[in-house]
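Inside the fold
The residues making up each chain are set out below.
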Amino acid sequence: MMEVLIPILVMCSIASGLAVLLAVADKYIASYGECKLIINKDTEITVEGGDTLLSYLIDNEIYMPSACGGKGTCGYCKLKVLEGGGTVLPTETPFLTKHDIAQAVRLACQVKVKKDVELGIPDDLLAAQQFKTVIEIIEDLTHDIKRIVFKLIDPEKIEFKAGQYVQFCIPETTEYRAYSVASQPSIADRIELMIRHIPGGLCSGYVHECLEEGDEIFLTGAYGDFYLREESTKDIICVAGGCGMAPIRSIVKHLHEKGSTRKITYFFGARQKRDLFCTEELRAIEKEFPNFKYIPALSEPISEDDWDGEVGLITATMQKHMKHDENQEAYLCGPPPMLEAAVKVLTAKGVSKSDIYYDEF
Amino acid sequence: MALFMIFFATLFTHNIALTYFLGMCPFISVSKNLKTAWGMGVAVVFVMTVTAAINWPIYYKVLVPLKAEFLYYVLFIITIAALVQFVEMVTERYLPALQVTLGVFLPLITVNCAILGVSLFMILRNYSYAQSVVFAFGSGVGWTLAIIAMSGIRTKLMFADIPKGLVGPGITMIIAGIMALAFMGFAGMVGV
């Protein structure tokens with residue numbers, strides 16, 4: 001009897017001893033009293049110190065973008081910590097450029113609040129809100145991409161610029177994933193996303209396997225400096241692959257609605273015919289809106305595709321159809337190797353680097 | 001056995017990283033640059049020494065008299081985890097400068113096999129208290145030596161033409177193997 005009881009007692013007493021030690025330390029050592037967060041010199045938030053900046057900001061309804069759940073691996077939650085943030089930590093350096101460090105940029109998830117902290121947060125980030133939504137439509141666009149329509153419940157309307165993204169909060173986790181909005185800004189009460197199934201992906205797996213119409217989902221946004229420059233009058237080149245369709249579709253539909261006089265050429269790269277989507281919709285816009293031209297290209301068409309359009313990499317198609325003209329700006333969204341190749345073609349065609357906007361995924 | 005011999009053995013003939021291949025995860029992932037490798041090394045030395053110094057009395061003064069030795073695996077893990085948490089809170093509060101160089105690495109090595117390995121080896125080899133502390137300290141220094149050598153090599157490798165499939169962890173594993181072979185040259189100098 002005793003040889004059973006003694007080990008149990010030993011185990012429990014040592015474990016609880018350590019637990020008490022940690023609880024006491026947490027209460028007395030890791031507590032920093034009341035600290036003030038001063039945002040852009042005008043807003044003041046008082047918090048109980050000791051936790052990370054990111055968690056306080058989210059608690060106070062300032063929705064910083066963050067895709068990794070505060071682990072310091074995505075580098076999205078950048079903001080300026082003007083005072084009280086301490087030195088830059090080794091966990092942050094991989095995400096910060098020299099310019100960032102000179103500007104006092106830090107990762108909110110790595111900065112612990114131990115005293116009053118002064119912050120600089122861009123206005124558009126402060127404007128980002130959390131939206132309670134209900135899934136209205138889920139449908140297959142291709143074999144691995146789904147279109148999802150979210151109806152906004154609270155708040156009921158969203159303001160965003162064509163091309164920006166929102167974050168999808170995966171239910172029952174603190175993880176967020178970013179997806180570009182595929183609908184145009186004039187539809188303010190709904191958000192459309194296009195989500196590709198990535199094998200092993202947490203969020204895309206959830207969306208493709210578990211999500212059902214009627215489910216309640218929280219989105220935050222809108223974020224991002226990839227958006228249509230409306231004040232510009234230059235002609236527009238759009239290049240996308242896969243789910244890069246989403247922000248470009250938003251931009252094209254927005255320009256169509258506005259009846260823009262700018263010429264728009266949209267190059268879309270896919271592997272086979274089964275990877276093409278929204279084709280009819282874009283062809284319909286093409287008919288009504290003569291300034292817009294849609295040029296899809298297949299890199300590896302199979303014989304069943306019966307494809308008579310462009311064949312080859314999207315960059316070859318761009319070479320063929322683009323004119324050398326400095327009066328153009330470009331919006332790119334797709335996998336990084338594709339973007340890199342596209343940037344080369346664009347600069348060779350006279351587009352200045354400062355007129356190329358891109359969104360990598 | 002003389003303390004110096006134990007220290008020497010843990011550095012060269014029985015290096016925890018290159019002979020036992022323990023602690024490989026940070027060894028591969030944190031060895032990209034010298035500065036972070038150094039920070040990680042110091043954290044490992046610290047955690048190994050302190051945990052061995054605490055685990056030894058737990059085993060010999062509590063578990064052995066109560067005939068509950070078989071609990072040592074579980075208990076060592078718990079004490080290591082709790083202790084690291086505690087140390088992290090203390091450095092964060094009172095030693096902010098140290099927190100920047102060392103503190104951020106602490107949670108990374110809490111559940112590292114090299115740390116637990118050292119505590120288990122000291123029991124298996126029947127070391128006395130002083131021997132255990134020296135052994136743990138030496139193992140940490142040996143691991144640091146290995147990761148610093150590795151990061152030095154990797155810095156040079158940035159200019160090397162490495163086959164595409166081997167870039168990163170692949171070539172690092174191969175280098176670790178070659179370093180281990182080199183360290184085998186010390187074998188036989190000391191018997192532990």
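Definitions and limits used
- Residues numbered from 1 in each chain as written.
- Chains lettered and ligands numbered in written order.
- Predicted model: local features only at pLDDT ≥ 70, side-chain atom pairs only at ≥ 80, totals over all residues.
- Heavy atoms only, no water.
- Helix = DSSP H or I, 4+ residues; strand = E, 2+ residues; numbered from the N terminus.
- Rg over C-alpha atoms; globule rule 2.2 N^0.38 Å.
- Buried < 20%, exposed > 50% of the residue type's maximum accessible area, 1.4 Å probe, protein only.
- Contact = heavy atoms within 4.5 Å.
- Areas by Shrake-Rupley, 256 points an atom, 1.4 Å probe, with all protein chains shown as cover.
- Salt bridge = Lys/Arg side-chain N within 4 Å of Asp/Glu carboxyl O.
- 1 Å grid on protein atoms, 1.4 Å probe; cavity = no way out; pocket = protein on both sides within 12 Å on 5 of 7 lines; lining within 4 Å.
- Points joined across faces, edges and corners; volume = space filled by probe spheres on them.
- Nonpolar A, V, L, I, M, F, W, Y, C, P; charged D, E, K, R; others polar.
- pLDDT = per-residue confidence, 0-100.
- Pairing = 2+ DSSP bridges.
- Axes fitted to C-alpha atoms, helices over the stretch in contact; angles between N-to-C directions.
- Core = buried A, V, L, I, M, F, W, Y, C linked by side-chain atoms within 4.5 Å.
- Parallel < 35°, antiparallel > 145°, perpendicular 65-115°, else oblique.
- Left-handed = near helix turned anticlockwise from the far one by under 90°.
- Patch = residues over 30% accessible without salt bridge, like charges linked within 9 Å, V, L, I, M, F, W, Y side chains within 5 Å.
- Lys, Arg positive; Asp, Glu negative; His and termini not counted.
- Charge placed at Lys NZ, Arg CZ, Asp CG, Glu CD.
- Domains from an automatic or database assignment.
- Buried area = accessible area lost by both parts, 1.4 Å probe.
- Polar contact = N/O pair within 3.5 Å; in protein donor to acceptor, adjacent residues only side chain to side chain.

1. Focus on the overall build of chain B
What chain B contains, in helices and strands, is nine helices and zero strands. The order of helices and strands in chain B, counted from the N terminus, is α-α-α-α-α-α-α-α-α. For 192 residues, the compact-globule estimate of 2.2 N^0.38 gives 16 Å, and chain B sits close to it at 17 Å. For chain B, the spread of C-alpha atoms along the three principal axes comes to 60 × 45 × 25 Å. Counting all 192 residues of chain B, 51% fall into the buried class. Considering only contacts in chain B between residues 6 or more positions apart, those separated by 24 or more positions represent 78%. Of the roughly 9,000 Å² that chain B leaves accessible, carbon and sulfur atoms contribute 75%.

2. Some remarks on the overall build of chain A
Counting its secondary structure elements, chain A contains nine helices and 17 strands. For chain A, the spread of C-alpha atoms along the principal axes amounts to about 80 × 55 × 40 Å. Expressed as a percentage of the 361 residues in chain A, the buried residues total 50%. By sequence separation, contacts in chain A at least 24 residues apart represent 68% of the contacts at least 6 residues apart. On chain A, roughly 17,700 Å² of surface is accessible, and the fraction owed to carbon and sulfur atoms is 52%.

3. Some thoughts on the pattern of salt bridges
Residue and element names in this part refer to chain A. Evaluation of the coordinates by the stated rule reveals 17 salt bridges over all chains. Residue R106 is joined to E92 by a salt bridge in which the shortest nitrogen-to-oxygen separation is 2.8 Å. Of the two residues, R106 sits in strand β4 (residues 105-107) while E92 sits in the loop between β3 (78-83) and α3 (98-102), which places them 14 residues apart along the sequence. Both residues of the pair, R106 and E92, belong to the buried class. Notably, a salt bridge pairs R190 with D189, separated by 3.0 Å at the nearest N-O pair. Each of the salt bridges in this network shares a partner with another, and the network as a whole consists of E139, R147, E192, R249, K253 and E281.

4. Remarks on empty space enclosed by the protein
Residues and elements named next belong to chain B. Counted according to the given criterion, the structure contains one cavity of 30 Å³ or more. Lining the largest cavity we find F46, V47, V50, L83, V84, V87 and L106. Elements with a contribution of two residues or more to the lining of the largest cavity: α3 (34-63) and α4 (72-94). Classifying every residue of the lining of the largest cavity gives seven nonpolar, no polar and no charged.

5. Here we look at the confidence of the model for chain B
Looking at chain B, pLDDT values average 87 and 97% of them are 70 or higher. Across chain B, the element-wise mean pLDDT spans from 74 in helix α5 (residues 96-101) of chain B up to 94 in helix α8 (residues 129-157) of chain B.

6. Focus on the sheet that holds β4 of chain A
Residue and element names in this part refer to chain A. Spatial ordering of the open sheet is given by β2-β1-β5-β3-β4, a layout of five strands whose pairing is mixed. Two strands in the sheet have a free side with no partner beyond their single neighbour: β2 (43-48) and β4. With direction set aside, neighbouring strand axes in the sheet form an average angle of 40°. Bridge analysis of strand β1 (residues 34-39) against strand β5 (residues 117-120) gives three bridges, and the strand direction is parallel. Note on β5: the bridge partner recorded for L37 is V117.

7. Looking at the nonpolar core
Among the nonpolar cores identified, the biggest contains 64 residues, and I16, L18, F27, L63, L75 and W143 of chain B are the most heavily contacted of them. Of all the elements in the fold, those that place two or more residues in this core are α1 (2-28) of chain A together with α2 (24-29), α3, α4, α6 (106-109), α7 (113-124), α8 and α9 (169-184) of chain B. With eleven residues, the top contributor of residues to this core is α3 of chain B. When sequence neighbours within four positions are dropped, the list of residues in contact with L63 of chain B reads V10 of chain A together with I58, A68, E69, L71, Y72 and L75 of chain B. Core analysis: the second largest hydrophobic core is formed by 32 residues, V252, I285, Y294 and Y357 of chain A among them.

8. Some details on the packing of α3 of chain B against α7 of chain B
All names here are of chain B. Interaxial distance between α3 and α7 falls to 9 Å at its minimum, and their mutual angle equals 40°. As summarised for this structure, α3 and α7 are arranged oblique, according to the angle between their axes. The interaxial crossing formed by α3 with α7 has right-handed handedness. Along the contact surface, α3 presents V44, V47, M48, T51, A52, N55, W56, Y59 and Y60, while α7 presents A114, I115, V118, S119, M122 and I123. Counted by class, the contact of α3 with α7 contains twelve nonpolar, three polar and no charged residues.

9. Focus on a negative patch on the surface
Residues and elements named next belong to chain A. Residues D42, D123, D124 and D225 make up a contiguous surface patch of negative charge. Residue placement: D124 occurs in helix α4 (residues 123-127). We classify D124 as partly exposed; its relative accessible area is 40%.

10. A few points about a nonpolar patch on the surface
On the surface, M1, M2 and L5 of chain A cluster together to form a nonpolar patch covering roughly 350 Å² of accessible area. Inspection of the secondary structure puts M2 of chain A in helix α1.

11. With respect to the pairing of β5 of chain A
Residues and elements named next belong to chain A. Residues V117 and L119 line one face of β5 and the alternating positions E118 and G120 line the opposite face, and both faces are buried. Summarising the sheet, β3 and β5 pair through three bridges and their orientation is antiparallel. Bridge pairing in β5 places K80 opposite G120.

12. Regarding the domain arrangement of chain A
Residues and elements named next belong to chain A. Under the domain assignment used here, chain A contains domain 1 (34-124), domain 2 (128-223) and domain 3 (235-360). A C-alpha centroid distance of 24 Å is found between domain 2 and domain 3. Each side of the interface is counted separately: domain 2 has 18 residues, and domain 3 has 17 residues. In total, domain 2 and domain 3 occlude about 1,400 Å² of area from one another, counting both sides; carbon and sulfur atoms represent 59% of this.

13. Examining the interface of chain A and chain B
With 22 residues of chain A at the contact, the number on the chain B side is 23 residues. Across the chain A to chain B interface the summed buried area is about 2,000 Å²; carbon plus sulfur atoms make up 80%. Contact with chain B buries surface across chain A, with M11, L22 and I29 of chain A losing the most and accounting together for 26% of the total. Across the chain A-chain B interface, the total number found is one residue pair in polar contact (both at pLDDT 80 or more). In terms of residue class, the side of chain A that touches chain B is made up of 16 nonpolar, three polar and three charged.

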